[in-house]
Structures are given as C-alpha cells and as structure tokens.
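Spelled out, the chains give:
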Amino acid sequence: MTVHFIGAGPGAADLITVRGQRLIAAAPVCLYAGSLVPRELLESCPPGARLVDTANLDLDEIVAEMVEATKAGQDVARLHSGDPSVFSAVAEQMRRLDAAGVPYDVTPGVPAFAAAAASLSRELTVPEVAQTVILTRTAERATAMPPGEDLATLGASRATMVLHLAVQRIQAVVAELVPNYGRECPVAVVARASRDDEVVLRGTLADIAAQVIDAGVKRTAVIVVGAALTASQFPDSHLYSTDRCRT
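Residues numbered from 1 in each chain as written. Predicted model: local features only at pLDDT ≥ 70, side-chain atom pairs only at ≥ 80, totals over all residues. Heavy atoms only, no water.

Under an unreviewed UniProt entry, the name given to the protein chain is Precorrin-4 C(11)-methyltransferase, and the source organism is Couchioplanes caeruleus subsp. caeruleus. As its UniProt record puts it under Sequence similarities (unreviewed entry), the protein chain is described as follows: "Belongs to the precorrin methyltransferase family." Taken verbatim from the UniProt record of the protein chain, the Pathway (unreviewed entry) comment is "Cofactor biosynthesis; adenosylcobalamin biosynthesis." (UniProt positions renumbered as here; feature names shortened; annotations may be inferred.)

Here it is in structure tokens:
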C-alpha cells in the first residue's frame, strides 16, 4: 500500500493534475487540510472513503493516520495545497514514513507562485530583465531561516523574488528589500490566487504595505517583487529568434 502525496493546487478545484485526481478517486483514505484544500476536490473520493481533516492534527497524529491505513491494506491520498516541493512540510512526513517502512510517492501540483503569476498575467523571467526567481519566506512565527538566506542577502541580486508566508509582516519585508530594490521597484501581492475571492494588489515598495493593510490581507498570499512585473521594453527571447529557427 502507498501514501500518495498530491499537490492539490493553489485553491481552484480544477487546478489539479489528471494523475492527482485519479489517485484521489481511487484512495479509500484521504487526508487534507480543510483550511487550504478546496472541499470540491473531496467529491472525487470514492464512496465510503475515510476523510480526515488534518487542520487540527499534529505531525505525529497525521503520520499515525497514514501508517494505520497502510497497515490495513489501504492506499492514502495525502493532499497538500500548492505543490509539495515548496513549503509543504512533506519532508518530515516522509522521514517518519521511511522509519515506519511505509512506501510513498509524490504527484506535483500547481504552486501558489505560478497561480499568482497567472493572475497577474506576467512572466517572472523576462529576457535581459530577470532570469532568476527566488522563492523564499521570512522567519517570524516559523522555523529559523538558514544562514545567508535573509532578505538582505537574497535581494542583492535584484532577481524576481516571491515571498510566501510573509504578508502578515509586510512593513518589515518592505524595509528589508528597499536597500537593494529601491522604493519604486514594482511589487504585487496576490491573496487566495485562483479562488473566487482572490485579491490582487499592485504597486511599488513605497506603497504596497499601505495597500495590504487597507485591504485586510493577512494570510494565504504571496508577495512578488521585481522589475519583471512591469517590464515592457525587452528583446524577444532567443527561443523564437530567426537565427535559431534557421539552424
């Protein structure tokens, strides 16, 4: 029996892979975070499936549910919002499943930063403007950041930066980014990307904090910073160049 870690997407129920939906439809046990995973996805579960909302469970309780199910000969669909590869806390679950001898696999999903870029109708990597995307977060009310991964250090490149789990301290984030990016650097905040109640705020480091506070955005949001957000004058990508097409 297998535990299937499945990226459930950023919020819209139809932003899930075909593979992920098939695994949900075949699993007699489904674990999901009720506060983040759209309820509509659970409609794909087979009749009589055991549905476990993990929102109020600790790590050991969650793993115990998975281990118990596999020992009973049942596959498990373990739904995670966004994509499991980024800020999903699957690593500690995998470590415990390894210790328990329980097999698992991973099905990717649409990450929040990709959904935010789609809502903004922007590419985060623009030729000769930005070719690097930094995905990071801040340390307040979370585990500590490793040495060298503070915003001042990461921001030195002026690459496109996407911050998760940081909107509740937007004023401090702005203060840390201004020295490298400048007050007029474009910024966007996308809350609940892809959902019906999505909120999109656009501005600069000079005014984005006030917008966030006025809009009452406090969670489930990403902050996108960088020149790629407003770039209009840039060369076409080499991917479509005449020279490349003729070779």
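From this point on, the discussion continues.
Section: the sheet that holds strand β5 (residues 104-107)
Strand order in this open sheet of 5 strands is β3-β2-β4-β1-β5, and the pairing throughout is parallel. Of all the strands in the sheet, the pair left with one neighbour each is β3 (50-53) and β5. Each adjacent strand pair in this sheet contributes to an overall mean axis angle of 20°, direction not counted. Sheet topology places strand β2 (residues 29-32) next to β3; 4 bridges connect them, and they run parallel. Each residue of the ladder has a partner; that of Y32, found in β3, is D53. Strand contacts of helix α2 (residues 59-71): β1 (3-7), β2, β3 and β4 (76-80), with the helix running at about 155° to β4, the strand carrying the most contacts. (Pairing = 2+ DSSP bridges. Helix = DSSP H or I, 4+ residues; strand = E, 2+ residues; numbered from the N terminus. Axes fitted to C-alpha atoms, helices over the stretch in contact; angles between N-to-C directions. Contact = heavy atoms within 4.5 Å.)

Concerning the domain arrangement of the protein chain
Domain annotation of the protein chain identifies domain 1 (3-107) and domain 2 (112-230). For domain 1 versus domain 2, the distance between C-alpha centres works out to 28 Å. Summed over both sides, the interface of domain 1 with domain 2 buries roughly 730 Å², with 64% coming from carbon and sulfur. Per-residue buried area on domain 1 facing domain 2 is highest for P10, L36 and F87; these three make up 64% of the total on that side. The interface formed by domain 1 and domain 2 holds 0 salt bridges in total. On inspection of domain 1 and its partner domain 2, the count reaches 3 residue pairs in polar contact (both at pLDDT 80 or more). Here the residues of the side of domain 1 that touches domain 2 are counted per class, giving 6 nonpolar, 1 polar and no charged. (Domains from an automatic or database assignment. Buried area = accessible area lost by both parts, 1.4 Å probe. Salt bridge = Lys/Arg side-chain N within 4 Å of Asp/Glu carboxyl O. Polar contact = N/O pair within 3.5 Å; in protein donor to acceptor, adjacent residues only side chain to side chain. Nonpolar A, V, L, I, M, F, W, Y, C, P; charged D, E, K, R; others polar.)

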